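Given next are the chains, with one letter for each unit.
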Amino acid sequence: HDEEGSEVGPTRVQTRRQKAQKEPTTASRKGSEKASGGMGEGQVSEEMELILCKLRMFLRSVVQRLIRYFKNFVEKVDLQRYPDYNRIILNPICLLDIREKINSGVYFTIEQFLTDIDLL
């Protein structure tokens with residue numbers, strides 16, 4: 001509601017985040033909120049970067065445990081030994097691939113990680 005008591009619609013009022021997303025910025029990922037007044041596309045706040053770092057540490061520990069107990073899924077399947085594997089399995093993946101995706105920052109959510117685990 002505005003001062004007169006009438007409702008203010010979303011077209012008249014923009015949130016700070018919406019304004020920041022529209023502004024072009026060349027700031028680096030770290031400290032981007034201070035440099036640009038908000039986060040632009042492809043930028044991650046320091047708080048989000050910390051959360052993603054903790055997620056990666058957690059996912060690494062999960063994969064290490066899986067590697068210990070599921071030795072058959074650690075490395076890619078030997079195609080010389082199983083030539084039809086890629087015909088049967090359309091999206092092959094192994095625990096080492098998943099670990100590499102963690103280290104490369106591919107996963108932003110647990111759901112993305114679990115999607116690859118389900119492929120195993």
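See the structure above.
Predicted model, so just to flag it, every value in this text is computed and none were measured.

(A) Just the environment of leucine 52, in detail. By secondary structure assignment, the location of leucine 52 is in helix H3 (residues 46-69). Distance from leucine 52 to tyrosine 107, taken between C-alpha atoms, is 8.5 Å for residues 55 residues apart in sequence. When residues no more than four places from it in sequence are discounted, the contact partners of leucine 52 are Val44, Tyr107 and Phe108.

(B) Representation of the environment of leucine 95. Following the sequence through the fold, leucine 95 ends up in helix H5 (residues 95-103). For the pair formed by leucine 95 and leucine 120, sequence separation is 25 residues and the distance between their alpha carbons is 8.2 Å. Those residues in contact with leucine 95 that lie beyond four places of it in its chain are Val63, Leu66, Ile67, Phe70, Phe73, Val74 and Leu120.

(C) Focus on the pattern of salt bridges. Summed over the entire model, instances satisfying the criterion amount to 4 salt bridges. Put simply, glutamate 49 and arginine 56 hold a salt bridge, and the shortest N to O gap is 3.7 Å. Owing to a relative accessible area of 16%, glutamate 49 belongs among the buried residues under this scheme. With a shortest N-O distance of 3.6 Å, arginine 87 and aspartate 84 are connected by a salt bridge. Assessed through its relative accessible area of 40%, aspartate 84 is described here as partly exposed.

(D) Highlighting the nonpolar core. If you look at the biggest cluster of nonpolar residues, it comprises 14 residues, and the most contacted ones within it are Leu59, Val63, Ile98, Ile102, Tyr107 and Phe113. Secondary-structure elements contributing two or more residues to this core are H3 and H5. With 6 residues, H3 is the single largest residue contributor to this core. With near-sequence residues (within four places) excluded, tyrosine 107 lies in contact with Leu52, Leu55, Leu59, Ile98, Lys101, Ile102, Gln112, Phe113 and Asp116.

(E) Representation of the side chain of aspartate 116 in the model. Position of aspartate 116 among the secondary structure elements: in helix H6 (residues 110-119). You can call aspartate 116 buried: its relative accessible area is 7%. Residues contacting aspartate 116, with those up to four places away along its chain left out, are Ile93, Ile98, Lys101 and Tyr107.

(F) Just H5, in detail. The complete set of buried residues in H5 reads Leu95, Ile98 and Ile102. Across the axial projection of H5, the buried residues extend over an arc of 60°, all falling on one side. Buried residues in H5 make contact with H3 and H6.

(G) Examining the side chain of serine 45 more closely. Looking at where serine 45 falls in the secondary structure, it is placed in the loop between helix H2 (32-36) and H3. Owing to a relative accessible area of 10%, serine 45 belongs among the buried residues under this scheme. A polar contact of 3.1 Å, which involves the side chain of serine 45, links it to the backbone nitrogen of methionine 48.

Definitions and cut-offs
The residue count restarts for each chain, going from 1 along the sequence in the order it is written. Under the rules for a predicted model, residues below a pLDDT of 70 receive no local features and side-chain atom pairs below 80 are neither given nor counted, while totals for whole chains, interfaces and linings still include all residues. Hydrogens and water are ignored here; the side-chain numbers use all heavy atoms of the structure. Secondary structure follows DSSP: runs of H or I at least 4 residues long count as helices, runs of E at least 2 residues long count as strands, and numbering of each begins at the N terminus. Only heavy atoms enter the contact rule, under which two residues are in contact if any of them lie within 4.5 Å. Throughout this description, the term salt bridge denotes a Lys or Arg side-chain nitrogen within 4 Å of a carboxyl oxygen of Asp or Glu. Relative accessibility thresholds used throughout: buried, under 20% of the residue-type maximum; exposed, over 50%; partly exposed, between the two (1.4 Å probe, protein chains only). We call a set of buried residues a nonpolar core when its members are Ala, Val, Leu, Ile, Met, Phe, Trp, Tyr or Cys and they connect through side-chain atoms within 4.5 Å of each other. In this context, the arc is that of the directions from the helix axis out to the C-beta atoms. Residues adjacent in sequence count toward polar contacts only when both atoms are side-chain atoms; beyond that, a polar contact is any pair of N or O atoms within 3.5 Å, and within protein one must be able to donate a hydrogen and the other to accept it.

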